Amino acid sequence: MTLPLTVLKQTLTMALYITMGFVLFKSKKITLAGSKDLATLLLWLVVPAMLINSFCVPYSQEKLREFGVSFLMGLLALLLSMAVAALLFRKDALENLAVAFSNAAFMGIPLVRQSLGEEAVFYLVGFVAALNLFQWCYGLFLLGGPKSKRSWRGVLASPVVLGSLIGFLIFVTGLGNKLPGVVDGALKGVAAVNAPLAMIVLGVYLAQTQLTSLITTPRLYLLSGVRLVLIPLATLGVFTLLPAPNAIRLTLLIAASAPIGSNAAVYAQIYGRDYPYACTAVAQSTALSILTLPQMVTLAQWAWGM
């Protein structure tokens, strides 16, 4: 099976998980309070465990160099995305924030893991940690509000950042492939539920929106078009100019091509912005990414001679 077809298969699988979350919430099998508990479980346990697990590989100078390259390329991709969003949506802070940051943790990581393998997640960890830091700081700068001090204190306490730092320390100390079997098995077991759980939570987000607004709100198509097409194309163009391994380029491109991150809705709620609109933007871009992500992978393979 070719890689674009593999990506398509995985995005369709994720769409089924999203549907499950949607149906469970609509049928009241998952309550609003329960969905928040699932999101907390995902954010504070599953995602950090998956990030730590991605560092459980033998240490080598080559691996460290690859991590450095992927981290720097990830920073470049983030800055590019933020610049495009700021240029096109400078008059609306929420839209600016939403378009600037992809759903790299909840959708990008499981998609990369299922399509490219566990090793590819290693290339993505630095990008995800940097995205989380940038999103906290930039979200504070754009949206402000009375809870700003709490946001600043929470930057380094983010579970994604903490998981990345713990994993990196395990890797550089050479403990990555020397953890006790019980610990290693537990990490792998928790990490394995990331994809279905993350998509079920997104399905719950979708269930809280008016489905007609996904189709009848013209502005949403602009947001999705920039997030899913323009920014990935710009990222692909920049990556084409860089002398980096294709595995790293493709991993980061998939993450940069992911839909609007669910944190856009979270931030809208925290800072008193248009929460329903943010939820709808997340839902529409997630649905449309099923069509755009495989196309970006196909284009990248052609451009990079893969």
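Structure first, text after, so check above.
Model, not experiment: these values are computed from the prediction.

Caption draft 1: Layout of the overall build of the chain. Check the secondary structure of the chain and you find 15 helices and zero strands. Relative to the globule expectation of 19 Å for 306 residues, the C-alpha radius of gyration of the chain, 18 Å, shows essentially globular dimensions. Across its three principal directions, the C-alpha atoms of the chain cover 50 × 45 × 40 Å. For the chain, the residues scored as buried account for 54% of the 306 residues in total.

Caption draft 2: Quick peek at the side chain of Glu66. Counting through the fold element by element, Glu66 comes out in helix α3 (residues 61–88). The class of Glu66 is buried, set by a relative accessible area of 14%. Apart from residues no more than four positions distant in its own chain, Glu66 is found in contact with Tyr123 and Ile248.

Caption draft 3: Quick look at the packing of aromatic side chains. Under the defined criterion, the tally for this structure stands at ten aromatic pairs. Consider the rings of Phe122 and Tyr123, whose centres lie 6.2 Å apart with planes at 70 degrees: the pair is edge-to-face. Classification of Phe122 by relative accessible area gives buried; the value is 1%. An aromatic cluster is defined as three or more aromatic residues linked by ring pairs; in this entry it consists of Phe55, Tyr59, Phe67, Phe71, Phe122, Tyr123, Phe168 and Phe171.

Caption draft 4: Spotlight on helix α15 (residues 275–303). Along its length, α15 reaches its greatest deviation from straightness, about 50 degrees, at Ser289. Its side-chain oxygen at 3.2 Å from the backbone nitrogen of Tyr277, Asp274 defines the N-terminal cap of α15.

Caption draft 5: A nonpolar patch on the surface, seen in detail. A surface patch of nonpolar side chains, amounting to about 400 Å² of accessible area, comprises Val229, Leu233, Leu299 and Trp302. Put simply, the parts of the chain that give the nonpolar patch at least two residues each are α12 (218–240) and α15. Its location among the elements puts Leu233 in helix α12.

Caption draft 6: Just the side chain of Ser164, in detail. Mapping Ser164 onto the fold places it in helix α8 (residues 159–172). Ser164 sits in the buried class, given a relative accessible area of 6%. Ignoring any residue separated from it by four or fewer positions in sequence, one finds Ser164 in contact with Leu51, Phe55, Val125 and Ala129.

Caption draft 7: A look at the pattern of salt bridges. Tallying each qualifying case throughout the model produces four salt bridges. For Glu95, the salt bridge goes to Arg219, with nearest N and O atoms at 2.8 Å. Separated by 124 residues along the polypeptide, Glu95 in helix α4 (residues 93–100) and Arg219 in helix α12 bring together distant segments of the chain. Overall, Glu95 belongs to the buried group, its relative accessible area being 4%. Residue class for Arg219 comes out partly exposed when judged on its relative accessible area of 37%. Where Asp184 meets Lys188, a salt bridge forms, and the shortest distance between an N and an O atom there is 2.9 Å. Placement of both Asp184 and Lys188 in helix α9 (residues 181–192) is noted, with a separation of four residues, approximately one turn of the helix.

Caption draft 8: Summary view of the nonpolar core. Leu42, Phe101, Leu124, Phe127 and Val128 are the most contacted members of the largest nonpolar core, which has 92 residues in total. In contact with Leu42, other than residues within four places in its own chain, are Val47, Pro48, Phe106, Asn194, Leu197, Ala198 and Val201. Ala49, Ile52, Cys56 and Leu187 belong to the second largest nonpolar core, which has five residues in total.

Caption draft 9: Structural detail: the packing of helix α10 (residues 194–207) against α15. Relative to each other, α10 and α15 sit at 125 degrees, their axes nearing to 9 Å. By the angle class used here, α10 and α15 are oblique. Judged by the twist between their axes, the crossing of α10 over α15 is left-handed. Along its contact with α10, which presents Leu202, Tyr205 and Leu206, the element α15 presents Tyr275, Cys279, Val282, Ala283 and Thr286. Considered class by class, the residues forming the contact of α10 with α15 number seven nonpolar, one polar and no charged.

Caption draft 10: Summary view of α8. Taking 1.5 Å per residue as the helical rise, α8 with its 14 residues ought to reach 20 Å, and the 20 Å between its terminal C-alpha atoms agrees with that figure. Those residues of α8 not exposed but buried are Pro159, Val160, Val161, Gly163, Ser164, Gly167, Ile170 and Phe171. For α8, the secondary structure elements touched by its buried residues are α2 (32–54), α3 and α6 (118–143). The first or second residue beyond α8 is Gly174, which carries a positive phi of 80 degrees.

What counts and what doesn't
Each chain carries its own residue numbering, running from 1 in the written order of its sequence. Totals for whole chains, interfaces and linings use every residue, but because this is a predicted model, local features are given only for residues with pLDDT of at least 70 and side-chain atom pairs only at 80 or more, for both listing and counting. Neither water nor hydrogens contribute to the side-chain values; these are computed over all heavy atoms in the structure. Put simply, DSSP marks the helices as runs of H or I at least four residues long and the strands as runs of E at least two long, and each gets a number from the N terminus on. Computation of the radius of gyration draws on C-alpha atoms alone. For the globule rule, the value is 2.2 Å times the number of residues to the power 0.38. Only protein chains enter the calculation, and the probe is 1.4 Å; a residue is then buried if its accessible area is under 20% of its type maximum, exposed if over 50%, and partly exposed in between. Should any heavy atoms of two residues lie within 4.5 Å, those residues are considered in contact. We call Phe, Tyr and Trp rings a pair once their centres come within 6.5 Å, taking the six-membered ring for Trp, and we label the pair stacked below 30 degrees between planes, edge-to-face above 60, and tilted otherwise. The angle between axes fitted to the seven residues ending at a residue and the seven residues starting there is what we call the bend at that residue. Polar contact is defined as a pair of N or O atoms within 3.5 Å, subject to the rule that within protein one atom must be able to donate a hydrogen and the other to accept it, and that residues adjacent in sequence are counted only when both atoms are side-chain atoms. A patch consists of residues whose relative accessible area exceeds 30% and which take part in no salt bridge; residues with like charges are grouped when within 9 Å of each other, and nonpolar side chains (Val, Leu, Ile, Met, Phe, Trp, Tyr) when within 5 Å. Using a 1.4 Å probe, the Shrake-Rupley method yields the accessible areas, and only the shown protein chains count as cover for residues. By convention in these notes, a salt bridge is any Lys or Arg side-chain nitrogen within 4 Å of a carboxyl oxygen on Asp or Glu. What makes a nonpolar core is a set of buried Ala, Val, Leu, Ile, Met, Phe, Trp, Tyr and Cys residues whose side-chain atoms join them at distances within 4.5 Å. Axis definition: a line fitted to C-alpha atoms, over the contacting stretch in the case of helices. Angles run 0 to 180 degrees between N-to-C directions. Angular relationships are summarised with four words: roughly parallel below 35 degrees, roughly antiparallel beyond 145, roughly perpendicular across 65 to 115, and oblique for the angles in between. The handedness criterion is simple: a crossing whose near helix is rotated anticlockwise from the far helix by less than a right angle is left-handed, and one whose near helix is rotated clockwise is right-handed. When residues are sorted by character, Ala, Val, Leu, Ile, Met, Phe, Trp, Tyr, Cys and Pro go into the nonpolar class, Asp, Glu, Lys and Arg into the charged class, and all the rest, Gly among them, into the polar class. What a helix should span is 1.5 Å times the count of its residues minus one.

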